[in-house]
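These are the residues of each chain, in order.
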Amino acid sequence: MDFVYNYNYEYDYPVSYGNTGNSLFALFMTVYLVVIALIIAVALASYIFHSIGMYTIGKRMGREHPWLAFIPFARDYFQGELAGEIPLKNKSIKNPGIWNLVVPIIYNAVACVLLVFLIVAVIGAAVTTNINGSGVGGAMTVLTTSLGIYIIFIILAVAYSAIYSVLRILIDIRIYERFTTHNMAVVHSVLSAIVPLYEAICFFVMRNREFNPGMEPRITPPPVPPVYPGDPVSGGPTPVNQVPADPAQDTMTGQQDNKTE
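A brief report on the enclosed structure follows. As a convention, each chain's residues are numbered from 1 in the sequence order in which they are written. Per-residue local features of the predicted model are confined to residues with pLDDT of at least 70, and side-chain atom pairs are confined, for both listing and counting, to 80 or more; whole-chain, interface and lining totals are unaffected and use all residues. Remark: hydrogens and water are excluded; side-chain values derive from all non-hydrogen atoms of the structure.

### Here's the deal with the overall build of the protein chain
Inference 1: Under the DSSP-based scheme used, a helix requires at least four consecutive residues in state H or I and a strand at least two consecutive residues in state E, with every element numbered from the N terminus. Secondary structure summary: the protein chain contains 7 helices and 2 strands in total.
Inference 2: The cut-offs for exposure are 20% and 50% of the maximum accessible area for each residue type, with area from a 1.4 Å probe on protein chains only; residues under the lower value are buried, those over the upper are exposed, and the others partly exposed. Counting only residues that meet the buried cut, the protein chain has 23% of its 261 residues in that class.
Inference 3: Nonlocal contacts in the protein chain, meaning residues at least 24 apart in sequence, comprise 59% of its contacts between residues at least 6 apart.
Inference 4: For the protein chain, the exposed area adds up to about 19,300 Å²; of that, 68% sits on carbon and sulfur atoms. Contacts are residue-level and defined by heavy atoms, with any inter-residue pair within 4.5 Å sufficient. Per-residue accessibility takes into account occlusion by the displayed protein chains alone, with areas from the Shrake-Rupley method and a 1.4 Å probe.

Structure follows, in structure tokens:
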């Protein structure tokens, strides 16, 4: 008699093919939120340290309205005013605060105009294509126009970045020179232009340093009250029409006048 033995091995492993995608999405969102939180924290710290530093420096220099250091956009103007007139080889920048405020506004205005022109050009090319029925020609028109505007925008962005970076470096050099040597002021200014949070930390650290000899702010002394000749401080004679302050003297003077009469 032959015996046949059958062995069946079954393993039940719960496999869910949807959990992997959810885990990757959750990991991506976690990293994304952490990065966003770090960027916000760095930006907030930079804003606070930078504003406190400018406020203290401006107050020590006797500048009017140092609270402008805490107001967006106005703080750019105030930073330029802290630098004062910037001497160049043959000319000078007399109002760096105004230029520091106006240059970004001009760039943003020109960029918006180019963007509107690009949108209008694309819409116009699409309408022309529908009317003429030439798909290839319309696509080439849209591509050529977009490429031309994009090249102009890149050139404008590079020029703006260079001009604004140089302006900020010149402004920071004038401010840092009040507290450190010229060479170190140049180094700090260049690093402030390329390293995030560096400028804010420098302003915050240098805000209470002593000014370099010859770099002290020229603060106008408070007005001195006028001193009249009859004042006891000046030691001058008492005016004739001044009423004496001593009542006894008034009485004696009145008795003498009565005797004379």
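### Focus on the packing of aromatic side chains
Inference 1: Two aromatic rings, drawn from Phe, Tyr or Trp (for Trp, its six-membered ring), form a pair once their centres lie within 6.5 Å of each other, and the interplanar angle then sorts them: stacked below 30 degrees, edge-to-face above 60, tilted otherwise. Scanning the model with the defined rule gives 7 aromatic pairs in all.
Inference 2: Considering the side-chain rings of F49 and F204, the 4.9 Å spacing of their centres and the 50° angle between planes classify their relative orientation as tilted. Highlighted residues: F49 in helix α1 (residues 19-60) and F204 in helix α6 (residues 198-206), separated in sequence by 155 residues.
Inference 3: Plain terms: the ring middles of Y176 and F203 are 5.6 Å apart, the flat faces sit at 65° to each other, and that makes the pair edge-to-face. Separated by 27 residues along the polypeptide, Y176 in helix α4 (residues 135-176) and F203 in helix α6 bring together distant segments of the chain.
Inference 4: Of the residues examined, Y176 reaches a relative accessible area of 1% and is grouped as buried.
Inference 5: An aromatic cluster of at least three residues, connected via ring pairs, comprises Y107, Y160 and Y164.
Inference 6: For a lysine, the NZ atom is tested; for an arginine, the CZ atom; a charge sits over a ring if that atom is within 6 Å of the ring centre and within 35 degrees of the ring normal. Above the plane of the ring of F204 lies R207, whose end atom (NZ or CZ) is 4.0 Å from the centre.

### Some remarks on the pattern of salt bridges
Inference 1: The term salt bridge refers to a pairing of a side-chain nitrogen on Lys or Arg with a carboxyl oxygen on Asp or Glu at a separation within 4 Å. In this structure the tally under the stated criterion is 1 salt bridge.
Inference 2: Between R168 and E199 there is a salt bridge, with its nearest N and O atoms 3.1 Å apart. With R168 in helix α4 and E199 in helix α6, the pair connects residues that are 31 residues apart, well separated along the chain.
Inference 3: The class of R168 is buried, set by a relative accessible area of 16%.

### Description of the side chain of S51
Inference 1: In this structure, S51 sits in helix α1.
Inference 2: Residue S51 is classed as buried on the basis of its relative accessible area of 0%.
Inference 3: N or O atoms within 3.5 Å of each other form a polar contact, as long as, within protein, one can give a hydrogen and the other can take it, and as long as residues adjacent in sequence are counted only when both atoms are side-chain atoms. Looking at S51, its side chain comes within polar contact range of the side chain of R75, at 2.9 Å.
Inference 4: Here S51 is in contact with A69, F70 and R75, once residues within four sequence places are set aside.

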